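Single-letter residue listing:
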Amino acid sequence: MFLRKLKKGSIKPPRWDVENIEELDSLGVEKTEDFTWKHILDFYTCTECGRCSDNCPANTVGRPLSPMEVTVKIRDYAYQNRPIFNIAGGNDSQDQGFPLIGNVLEPDEIWSCTTCGACEEECPVFIEYIDKMIDLRRHMVESAMIPKDFQDALLRLEKTANSFGKPPSKRADWVKELDDVTVKILGEGDDVDVLYFVDSYASFDPQLQQIAMAIVRGLSKAGITFGILGPRESDSAHQVRRLGEEGLFQFLVEGNIEAFKTCSFRQIVTTDPHAFNTLKNDYPGNWVVRHYPEFFLPLIEGGQLKPVKSLDKADIYTYHDPCYLGRHNGIYEAPRKILASIPGIQIVEMERSRDRSFCCGGGDVNLWYDIEGEEMRMGEKRLAMAHEAGANVIVTACPFCLLNFDDAIKTSGLEGEMKVVDLMELFTSTL
Ligand code: SF4
Ligand code: SF4
């Protein structure tokens, strides 16, 4: 407990004492001894209480992952093959160190993890899982042990700085559809209050572009000077890092930081919690970054943005905490306060909310890869929780949650009964 990780949301570097990854012979964890001493200590410390697995959404929906089993299997393997005191007499062949993937762990066990953080939140002795998963993935990426869907997404990101493979010149095309707000594309030397970091999904996905439009409407109505980087913005690379592609992560980060340095701004506002998390916790430098609910709440409380229109009285709303806003960054109140500011809104809480929220299932690398053997989608499970709480509208502040719930509504046959809406889109509809 004394040695617990204090900074949530961040991913450990490939090696703590090496800044330039080019200096490393290999990346990630192939064998037990490649883990850090703290991670090896974790394996020996597990009490086998099972709380991590009971709360793991991947385990709940039948994916081939139980975090406790990962720990127990690696620990048992270490006991058998890596004795500290080899009292029985040496058997050198035992001391070779076998690759973990294929011998102790299966690839889909590692890809099943959404990096939601529920296991770490529940563990009574603060055992870490996410950093270990990423270290295992780093080795799998380096050894070309990754599914083709990931390879394709990474290739598109490398070529076009977005996972859609769209030309960077089209990144700001969504602003052309706005007839009520002018969005400045920032050039060299421009000076604004807010750099609005749109990121790839809200730039290119037509459904998610509506969230970007709601955000710029809010900024404009509140009288904030703002701009976007447009073609000079690269993907935030949150997923790239969590997929284990550290080299590409660093390449995309450098592109964004170079672009940031060409203009002046007081803070960065993001569309989604993933970009917020990586800009705040993974990027070098001390950028002032806010995900939009935290940015807009003081403007709403100060009266610059005033919701006046009421919502349909028949609708009952519930707020879903996105993992990278809630558990990883501790932001629970701002979105709830924005929701509560809407006149006449009826809100219920799900049993699993705030730090006990249940991952929607796709905000991370699982957007690009379907795990075999899943009994139901995490989004469907979460939707059922909202339904049980008595809500017919699930509100979220993450574009990836929105896509997942939208899919889940269709696959659960709940069209017409359940709806999903982004918080900012809902809020600006009442202005
Ligand atoms: S981070 Fe989430 S999905 Fe991954 S092992 Fe932990 S609880 Fe399961
Ligand atoms: S919650 Fe922690 S102590 Fe309990 S089984 Fe999981 S890793 Fe081990």
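Residues numbered from 1 in each chain as written. Chains lettered and ligands numbered in written order. Predicted model: local features only at pLDDT ≥ 70, side-chain atom pairs only at ≥ 80, totals over all residues.

Concerning the site of ligand 1
Taken together, 14 residues sit near ligand 1, with C56, C113, C116, A118 and C119 positioned nearest. At the level of elements, α3 (57-60) and α6 (118-122) are the ones that each hand at least two residues to the shell around ligand 1. Grouping the constituent residues of the shell around ligand 1 by class yields eleven nonpolar, three polar and no charged. (Near = placed C-beta within 6 Å. Helix = DSSP H or I, 4+ residues; strand = E, 2+ residues; numbered from the N terminus. Nonpolar A, V, L, I, M, F, W, Y, C, P; charged D, E, K, R; others polar.)

Structural notes on the site of ligand 2
Taken together, 15 residues form the shell around ligand 2, and within it C46, C49, C52, M68 and C123 come nearest. Mapped onto the shell around ligand 2, the elements with two or more residues apiece are α2 (51-55) and α4 (67-81). If you tally residues by element for the shell around ligand 2, the top one is α4, at three residues. Residue composition of the shell around ligand 2, by class: nine nonpolar, three polar and three charged.

Points about the packing of helix α14 (residues 292-301) against helix α15 (residues 333-340)
One way to put it is that α14 packs onto α15 with a least axis distance of 9 Å and a crossing angle of 45°. On the basis of their axis angle, the class for α14 and α15 is oblique. When the axes of α14 and α15 are compared, the crossing they make is left-handed. Contacts from P293, E294, F296, L297 and I300 in α14 reach A334, P335, K337 and I338 in α15. Each residue belonging to the contact of α14 with α15 can be placed in one class, and the counts come to seven nonpolar, no polar and two charged. (Axes fitted to C-alpha atoms, helices over the stretch in contact; angles between N-to-C directions. Parallel < 35°, antiparallel > 145°, perpendicular 65-115°, else oblique. Left-handed = near helix turned anticlockwise from the far one by under 90°. Contact = placed C-beta atoms within 7 Å.)

Notes on the nonpolar core
Y196, F197, A212, I215, I394 and F405 are the most contacted members of the largest nonpolar core, which totals 111 residues. Sort the elements by how many residues they give to this core and helix α10 (residues 206-221) lands first, with eight residues. Residue contacts for I215: discarding those within four places in its chain leaves Y196, T271, Y292 and M424. (Core = buried A, V, L, I, M, F, W, Y, C linked by C-beta atoms within 7 Å. Buried ≥ 20, exposed ≤ 12 C-beta atoms within 10 Å, placed from the backbone.)

Here's the deal with the sheet that holds strand β3 (residues 226-228)
Each strand in a sheet pairs with its neighbour through backbone hydrogen bonds, running either in the same direction (parallel) or in the opposite one (antiparallel). The strand order across the open sheet formed by five strands is β1-β3-β2-β4-β5, and the pairing between neighbours is parallel. The open sheet is flanked by β1 (184-185) and β5 (289-291), the only strands paired with a single partner. Bridge analysis of strand β2 (residues 191-197) against strand β4 (residues 264-270) gives six bridges, and the strand direction is parallel. Of the residues in β4, the one forming a bridge with V194 is Q267. The sheet strands contacting helix α13 (residues 273-281) are β2, β4 and β5, and the helix crosses β5 at an angle near 160°. (Pairing = 2+ DSSP bridges.)

Here we look at the domain arrangement of the chain
Segmenting the chain into domains produces domain 1 (21-146), domain 2 (150-301) and domain 3 (317-428). The interface is formed by 26 residues belonging to domain 2 together with 26 residues belonging to domain 3. When residues of the side of domain 2 that touches domain 3 are traced back to their parent elements, those giving at least two are α8 (148-160), α9 (200-204), α10, α11 (238-243), α13 and α14. Counting residues per element, the side of domain 2 that touches domain 3 draws most heavily on α10, at seven residues. Here the residues of the side of domain 2 that touches domain 3 sort into 15 nonpolar, seven polar and four charged. (Domains from an automatic or database assignment.)

So, the sheet that holds strand β6 (residues 317-319)
If you trace the three strands from one edge of the open sheet to the other, you get β6-β7-β8, paired in parallel fashion. Looking at strand neighbours, the two that pair on one side only are β6 and β8 (419-422), the edges of this open sheet. When strand polarity is set aside, the average angle formed by the axes of neighbouring strands in this sheet is 30°. Contacts from helix α17 (residues 399-411) reach β7 (393-396) and β8 within the one sheet, and its direction differs from that of β8 by about 170°.

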